[in-house]
Amino acid sequence: MKNKGVKKLLVKLTLLVLPFALWPVIEATIVPINFFTFRIWETISVNKMDVMAGPFYPNQHMIMEEEGELAPHTPFATKRKVEWFTDAYGYRNRDTEHDVLLIGDSNITGAKLSQDETLAEVLERQLQKDVYSFAPATMSRFLATDRFIQDPPELVIVSSIERRIPHLTPVGANSFGSRIRNFTGNHINSSPLLTYLFVTADRITKLGLYHRTLASLERAFGRKEYISYNNEFFIEGEIANRDYTEDEIMEMANTLEGYKEALRERGIRFLFMPIPNKENIYYQMLPSKKKPDFLPRLMAELRKRDIDVVDTQTDFEKLHEQENIALYPTDDAHWNNIAVKVAADLVVRQLSQNDPDKKDASHFVNYTK
């Protein structure tokens, strides 16, 4: 009798838990992939299966109306229709050709930008070269990736949003992990079945319904905090425009000089392009109105070391302060399509300036070889 009671209880508990246990599988196999997300980024980014080659699911094509990352599902969200492609390695490209390679963060990937507005595609049209977006990724990941050893690009542009520059890792950091991921990624990519299984397993780990519900509750009960001044949303607010010591500047310059040397040994040209924080360019909107001096100081040190650097801050400041042009979406911390176009123009100009005999920057082939 007792055993029957325990059995009944176990059956009831199983029936109670079963829908919750099965739901993530149903979500990953039946529900539309973007049903619970507000951006393609969260929809196709690799969550837990970081043995896959790239940061996103491979061979994807999506069109979606997105909202900014700083105030989704609020009255402040600005909707924008965007299109994404990912290549066979899970990076945001239409193909895998790479005369020029961009290493960087979500700005280089192109959050809230459509495919043809990303820096890779804008530069590709201007340079008439194949430009490959290797982002989000690090220099260590690039140096450990077989396909770039076998077929190196002519030019590598490393870019970073200002707030992440202090966290750029020196050459050699996490190189073992990068080599392991290169190995596992190649094996997974070699089999469509393995790729499907890993993508499905990763989708299961995302628990879209749970996270969407949690975020909605936090907004409903006012637990979600937003940093907003003058109807603009910021990711860090005042602390973004922090001060850096001279030693910190030197350490960052050492890291970037290491990148230049590692690429020089492979016969590849190096260019560094910092992207100013939204708080930097819009500093007059913040309570302190403190103008940061971090990027000018870092660029001065890099130039002393003969490192090519693209000065985006000066042009961004002019456009915003003198012409009142928006360079970041109201509800997002990433740059917009106008800022991308300005950056691409600056890169082309930089390549032309350093190669005065060649009027057209598209002719920089074999610059260092």
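Read on for a plain summary of the structure. (Residues numbered from 1 in each chain as written. Predicted model: local features only at pLDDT ≥ 70, side-chain atom pairs only at ≥ 80, totals over all residues. Heavy atoms only, no water.)

What follows is about the sheet that holds strand S8 (residues 269-275). Strand order in the open sheet formed by four strands is S4-S3-S5-S8, and the pairing between neighbours is parallel. The open sheet has two edge strands, strand S4 (131-134) and S8, and neither has a second partner. Pairs of neighbouring strands in the sheet enclose a mean axial angle of 20°, with direction left out of account. As paired elements, strand S3 (residues 100-103) and S4 share four bridges and run parallel to each other. Bridge pairing in S4 places Ile103 opposite Phe134. Across the sheet, helix H10 (residues 246-265) lies against strand S5 (155-161) and S8, angled at about 150° from S8, the strand it touches most. (Pairing = 2+ DSSP bridges. Helix = DSSP H or I, 4+ residues; strand = E, 2+ residues; numbered from the N terminus. Axes fitted to C-alpha atoms, helices over the stretch in contact; angles between N-to-C directions. Contact = heavy atoms within 4.5 Å.)

Contact pair helix H13 (residues 312-323) / helix H14 (residues 337-353): the axes reach a minimum separation of 10 Å and the direction vectors enclose 135°. By the criterion of interaxial angle, the relationship of H13 to H14 is oblique. Seen along the crossing, H13 lies across H14 with a hand that is right-handed. Between H13 and H14, the residues in contact are Thr312, Asp315, Phe316 and Leu319 and Ala339, Val342, Ala343, Leu346 and Arg349, respectively. Partitioning the contact of H13 with H14 into residue classes produces six nonpolar, one polar and two charged. (Parallel < 35°, antiparallel > 145°, perpendicular 65-115°, else oblique. Left-handed = near helix turned anticlockwise from the far one by under 90°. Nonpolar A, V, L, I, M, F, W, Y, C, P; charged D, E, K, R; others polar.)

Turning to the nonpolar core, a few remarks are in order. Ranked by internal contacts, the top residues of the largest apolar core, which has 36 residues, are Leu119, Leu123, Ile157, Met273 and Trp335. Of all the elements in the fold, those that place two or more residues in this core are S3, helix H4 (119-127), S5, S8, H13 and H14. At nine residues, the largest contribution of residues to this core is made by H14. Beyond its immediate chain neighbours, meaning those up to four positions away, Met273 contacts Ile108, Leu119, Ile157, Val158, Ser159, Ser160, Val310, Thr312, Trp335, Ala343 and Val347. If you look at the next biggest cluster of nonpolar residues, it comprises 31 residues, including Tyr132, Phe270, Leu302 and Val309. (Core = buried A, V, L, I, M, F, W, Y, C linked by side-chain atoms within 4.5 Å. Buried < 20%, exposed > 50% of the residue type's maximum accessible area, 1.4 Å probe, protein only.)

A word on unusual backbone geometry. With an omega of -5°, the peptide bond between Ala135 and Pro136 qualifies as cis. Note that Pro136 resides in the loop between S4 and helix H5 (139-143). One non-glycine residue with positive phi stands out, namely Asn231, at about 65°. Here Asn231 is to be found in the loop between strand S6 (227-229) and strand S7 (232-234). Although it is not a glycine, Asn324 adopts a positive phi angle of roughly 55°. In this fold, Asn324 is placed in the loop between H13 and H14.

All right, on to the pairing of S3 then. Side chains Val100 and Leu102 of S3 all project onto a buried face; the interleaved residues Leu101 and Ile103 project onto the opposite face, where all are buried too. Direction of pairing for S3 relative to S5: parallel, over a ladder of four bridges. Bridged to Val100 within S5 is Leu155.

Relative to each other, helix H7 (residues 175-189) and helix H8 (residues 192-206) sit at 115°, their axes nearing to 6 Å. Our classification of the angle between H7 and H8 gives roughly perpendicular. For the pair H7 and H8, the contacting residues are His187, Ile188 and Asn189 in the first and Leu194, Thr195 and Phe198 in the second. Of the residues in the contact of H7 with H8, the class split is three nonpolar, three polar and no charged.

This brings us to a positive patch on the surface. Among the surface-exposed residues, Lys4, Lys7, Lys8 and Lys12 lie close enough to one another that they form a single positively charged patch. Locating Lys12 in the fold gives a position in helix H1 (residues 2-29). (Patch = residues over 30% accessible without salt bridge, like charges linked within 9 Å, V, L, I, M, F, W, Y side chains within 5 Å. Areas by Shrake-Rupley, 256 points an atom, 1.4 Å probe, with all protein chains shown as cover. Salt bridge = Lys/Arg side-chain N within 4 Å of Asp/Glu carboxyl O. Lys, Arg positive; Asp, Glu negative; His and termini not counted. Charge placed at Lys NZ, Arg CZ, Asp CG, Glu CD.)

With respect to the secondary-structure elements, Leu194 resides in helix H8. Leu194 sits in the partly exposed class, given a relative accessible area of 32%.

With that out of the way, let us pick up the layout of surface pockets. Of the volumes computed, that of the largest pocket is approximately 870 Å³. Around the largest pocket, the lining comprises 35 residues; the ones closest to its centre are Phe36, Thr37, Phe38, Glu42 and His211. Contributions of two or more residues to the lining of the largest pocket are made by H1, helix H2 (40-44), H8, helix H9 (208-220) and S7. For the lining of the largest pocket, the element with the highest residue contribution is H9, accounting for five residues. Along the lines of polarity and charge, the residues of the lining of the largest pocket split into 16 nonpolar, nine polar and ten charged. (1 Å grid on protein atoms, 1.4 Å probe; cavity = no way out; pocket = protein on both sides within 12 Å on 5 of 7 lines; lining within 4 Å. Points joined across faces, edges and corners; volume = space filled by probe spheres on them.)

Before going further, it helps to spend a moment on the pattern of salt bridges. For side chains of opposite charge, pairing can occur when their charged atoms come near one another. All chains considered together, the criterion is met by 20 salt bridges. Lys304 is the partner of Glu301 in a salt bridge, and the nearest nitrogen-oxygen pair spans 3.8 Å. Within this pair, Glu301 and its partner Lys304 are both found in helix H12 (residues 294-304), separated by three residues, close to a single helical turn. Connected through salt bridges with shared partners, the residues Glu257, Glu301, Lys304 and Arg305 form a single ionic network.

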